[in-house]
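Here is how the chains run, residue by residue.
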Amino acid sequence: MTLLLILLIVALTLLGLPLFVALASGSLLATFNAGLDPALLIVELNRLAASPYLASIPLFTLAGVVLAAGGAPERMIQLFNACVGWLPGGMAAVAIASCAFFTAFSGASGVTILALGGLMFPMLTHAGYNERFNLGLLTTSGSLGLLFAPSLAILLYGIVASVSIDQLFLAGIAPGLLLMLMLVIYSFLVGSITAVPRHRFSWRNLFIALREGIWDLLLPVGIIVGIFGGILTISEASACTAVYVLLLEGVIHREIHLGKNLFPLLRDAAVLVGCILVILSVAMGLTNLLIDAQVPMKILGWMELHVESELQFLILLNIFLLVVGCMMDIFSAIVVVVPLILPIAIRYGIDPVHLGIIFLANLEIGYSTPPVGINLFIASQRFGKPVLSLFRSTIPFLFLMLIWLVMVTYIPSISLWWQN
Amino acid sequence: MILPEPAWIIRLRHALTRMETVIVGIAFLLLLGLVFGQVLARNFLNTSIPGADILSRYLVLYVTFFGAALAIDYHKHIRLDVVAACISEKLRNTIRCPLYLISAAVCAVYAWAAWRFWYDDWQYVAEHERWSSILALITPFGFTLLALNFLLVALFIDSRNSSKQ
């Protein structure tokens, strides 16, 4: 009977039952089976509310929504273009840097492709890059920046795995920069081989772009200095970021009319926060019931019989997470999969901070992996191209990202360099 | 079967959406003000706002539940609709009603559990902590609101739908 009900919940989920309802149904089923009071699930929800990092999620989300609604994408593109646009492959580097910056604030929710893709695609085409390269670059860049502070995915992993978010922010810097560097080198090569015409470097343009974009550029610097300088906690940094962004877009650049647009922006941010945190709140109950039923221990017992080394485990983990990344939204994947994987990974000697970077790196790639990576469908819709042509366009970029994934997974010091 | 939307349901939906938007906006602004106020108080006045930590935790829950209620209205909840993406629009519309009814029922059970939990807590809470217990009403109220929103989208065609999606 229980198995039938589980299969029914899975079937309904695949048919479109909201994920938080599916998890809540599973939690209720587990409590009834164990003869427990469902009020226990509310205890877990209250425990989640006590997390000191929780307030940072809505506040960083608000900052991302305000930046997206204001003129930040245009200012970033203008600034990076003035800095590196004159190099061979420079315009592609502009796209990579702008997408990474923007995703760190907006979360990899497809907003980057929608907001920046529309601006960058004609610019890249005008600069002389071929269409296949442009589509591949912008589709895969939609999740770049996921490892940089104050990415929502990092915050969520830190809360779910009870890992220090400061350490996760530090650990994400080198792998994130490494991936950007690899993509920039590839773009330089493509730019040189296809003889893309270059524009001249202009101090005047750089000065104008810097004057417009300096305040945006100071934002990540302020967050990093504030947190690692011991001046601000994560939640305080998120409040300062939100206030700064509101002042930036509402007072300095006047892209947003605070009186008229503030409430719609708050509502949009709240919808995003509601979708994520309501999943987290019901998943905590289910996770604890699964842990009480020793499910991770049973998986671990099975794995110890069949998986002998850390290397074997990591290979299996990569394959599993790439599939998860293709099928699931990043936030749901973190909430559902991390609590089950974490005790097993620790048993195999993997640092939880390193696991977080591996986890997010896999999901970052999964986003653009055919046949069901969500970025492919968002890009198809945004650029009006068939999904099949996007499959072909993303292949060279996916190949590079897989090389990067191998490096990040099997060389822990890339993420944990600061530990010594 | 999805019913056409009678006038009183339209009014109820408008009132709910307006209430949710206003409360979510106020809660968000209070949260921002409170956490930012803490930064100023700690760094410039060497003090802290009393009760700010507890209050900010509850404000996050207010933003979460009212945001989640608005997400039902905007059809924005995260789904793993792998199969749903492959089936016809007509079939998808047909299964939408039972899926939302199930969602309403599940949220109603959570609401029932949350109301019981809150009532038990209320009976034993110390006098000086009553204020936080009142704020904790958001959990049972939030799940009740989610159940109501799911019920409305399950049973009635939303005449405002096209402009929102």
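Computed from a predicted model, the values in this text were never measured in an experiment.

Reading the values: the criteria
- Residue positions are given per chain, counted from 1 along the sequence in the order it is written.
- In the order they appear in the text, chains get letters beginning with A and ligands get numbers beginning with 1.
- The model is predicted, so local features are restricted to residues of pLDDT at least 70 and side-chain atom pairs to those at 80 or more, both for listing and for counting; the totals for chains, interfaces and linings are taken over all residues.
- Side-chain measures here rest on the full set of heavy atoms in the structure, leaving out hydrogens and waters.
- Starting at the N terminus, helices and strands are each numbered in turn, a helix being any DSSP run of H or I of at least four residues and a strand any DSSP run of E of at least two.
- Our radius of gyration looks at C-alpha atoms and nothing else; its globule reference is 2.2 Å times the residue count to the power 0.38.
- Remark: exposure states derive from per-residue accessible area (1.4 Å probe, protein chains only) relative to the maximum for the residue type, with buried under 20%, exposed over 50%, and partly exposed in between.
- Contact criterion: two residues are considered in contact whenever any of their non-hydrogen atoms come within 4.5 Å of each other.
- All accessibility values rest on the Shrake-Rupley procedure with a 1.4 Å probe; residue burial counts only the protein chains present in the view.
- In this tally, Lys and Arg are treated as positive and Asp and Glu as negative; His is ignored, and so are the chain termini.
- Lys charges are placed at NZ, Arg charges at CZ, Asp charges at CG and Glu charges at CD.
- Here's the idea: put two parts together, see how much 1.4 Å probe accessible area each one loses, and the total over both is what we call buried area.
- Counted as salt bridges are all cases of a side-chain nitrogen of Lys or Arg within 4 Å of a carboxyl oxygen of Asp or Glu.
- The term polar contact refers here to a pair of N or O atoms within 3.5 Å; inside protein, the definition further demands a hydrogen-donor-capable atom paired with an acceptor-capable atom, and it admits residues adjacent in sequence only when both atoms are side-chain atoms.
- When residues are sorted by character, Ala, Val, Leu, Ile, Met, Phe, Trp, Tyr, Cys and Pro go into the nonpolar class, Asp, Glu, Lys and Arg into the charged class, and all the rest, Gly among them, into the polar class.
- Planes of paired rings set the category: under 30 degrees apart is stacked, over 60 is edge-to-face and the rest tilted, where pairs are Phe, Tyr or Trp rings (Trp by its six-membered ring) whose centres lie within 6.5 Å.
- Two limits define a charge over a ring: the Lys NZ or Arg CZ must be within 6 Å of the ring centre, and within 35 degrees of the ring normal.
- Every helix has an expected span of 1.5 Å times one less than the residues it contains.

Here's the deal with the overall build of chain B
- The secondary structure content of chain B amounts to six helices and zero strands.
- Secondary structure elements of chain B, listed N to C terminal, follow the sequence α-α-α-α-α-α.
- Against the 2.2 N^0.38 benchmark of 15 Å for 165 residues, chain B shows a C-alpha radius of gyration of 19 Å, more extended than a compact globule.
- Taking all 165 residues of chain B together, 48% fall into the buried category.
- Pairs at least 24 residues apart make up 80% of the contacts formed inside chain B by residues separated by at least 6 positions.
- For chain B, the computed accessible surface area is about 8,400 Å², with 67% contributed by carbon and sulfur atoms.
- Treating the 14 positive side-chain charges of chain B as one cloud and the 11 negative ones as another, the clouds have centres 8 Å apart.

Here's the deal with the overall build of chain A
- Each helix and strand in chain A was counted, giving 20 helices and zero strands.
- Radius of gyration (C-alpha) of chain A: 22 Å, near the 22 Å computed for a compact globule of 420 residues.
- Projected onto its principal axes, the C-alpha coordinates of chain A cover approximately 70 × 50 × 45 Å.
- Burial analysis of chain A (420 residues in total) assigns 59% to the buried set.
- Within chain A, contacts between residues at least 6 apart in sequence are counted, and of these 79% link residues at least 24 apart.
- Carbon together with sulfur atoms contributes 70% to the accessible area of chain A, which is approximately 16,200 Å² in total.

Quick word on the interface of chain B and chain A
- Taken together, the contact pairs 52 residues of chain B with 57 residues of chain A.
- Taken together, the two surfaces of chain B and chain A that pack against each other cover about 4,800 Å², and 82% of this comes from carbon and sulfur.
- The interface formed by chain B and chain A includes two salt bridges.
- Across the pair A:E236 and B:R42 runs a salt bridge, and its minimum N-O distance is 2.4 Å.
- The tally of links from chain B across to chain A stands at three residue pairs in polar contact (both at pLDDT 80 or more).
- Taken together, the residues of the side of chain B that touches chain A sort by class into 38 nonpolar, eight polar and six charged.

A word on the packing of aromatic side chains
- Per the counting criterion, the structure on display carries 17 aromatic pairs over all chains.
- Arranged with centres 5.6 Å apart and planes meeting at 70°, the rings of A:W86 and A:F201 form a pair that is edge-to-face. Here A:W86 is found in the loop between helix 5 (72-84) and helix 6 (90-106), whereas its partner A:F201 is found in the loop between helix 10 (165-193) and helix 11 (203-228), with 115 residues between them in sequence.
- By relative accessible area, A:W86 is classed as partly exposed at 29%.
- On the accessibility criterion, A:F201 (32% relative accessible area) is partly exposed.
- An aromatic cluster is present here, built from A:Y129, A:F133, A:Y186 and A:F397 joined pairwise through their rings.
- Over the face of the ring belonging to B:W112 we find B:R116, whose NZ or CZ atom lies 4.6 Å from the ring centre.
- The ring of B:W122 carries B:R130 above its face, with NZ or CZ at 4.2 Å from the centroid.

Points about helix 3 (residues 39-49) of chain A
- Among the residues of helix 3 of chain A, those classed as buried are A:A39, A:L41, A:I42, A:E44, A:L45, A:L48 and A:A49.
- Contact partners of the buried residues in helix 3 of chain A: helix 2 (19-33), helix 9 (152-161) and helix 13 (258-292) of chain A together with helix 2 (52-73), helix 3 (89-124) and helix 5 (138-155) of chain B.

Concerning the side chain of A:H354
- Of note, A:H354 is situated in helix 17 (residues 352-366).
- Discounting residues that sit within four places of it in the chain, A:H354 has contacts with A:V408, A:T409, A:P412, A:S415 and A:L416.

Thoughts on helix 17 of chain A
- Taking 1.5 Å per residue as the helical rise, helix 17 of chain A with its 15 residues ought to reach 21 Å, and the 21 Å between its terminal C-alpha atoms agrees with that figure.
- The distance from a side-chain oxygen at the start of helix 17 of chain A to the backbone nitrogen of A:V353 is 2.7 Å, and the residue carrying that oxygen is A:D351.

Describing unusual backbone geometry
- With an omega of 0°, the peptide bond between A:A149 and A:P150 qualifies as cis.
- By the element assignment, A:P150 lies in the loop between helix 8 (131-140) and helix 9.
- In this structure, B:N46 is a non-glycine residue whose phi angle is positive, near 55°.
- Within the secondary structure, B:N46 is located in the loop between helix 1 (7-44) and helix 2.
- Even without being a glycine, B:H75 presents a positive backbone phi close to 55°.
- Residue position: B:H75 is located in the loop between helix 2 and helix 3.

Topic: the pattern of salt bridges
Residue and element names in this part refer to chain A.
- Applying the stated criterion to the full structure yields seven salt bridges over all chains.
- Of the charged contacts in the structure, one is a salt bridge between R75 and D216, with a shortest N-O distance of 2.7 Å. Pair noted here: R75 is in helix 5 and D216 is in helix 11, with a separation of 141 residues, a long-range link.
- Classification of D216 as buried rests on a relative accessible area of 0%.
- Sharing partners across several salt bridges, the network here consists of R75, D216 and E249.

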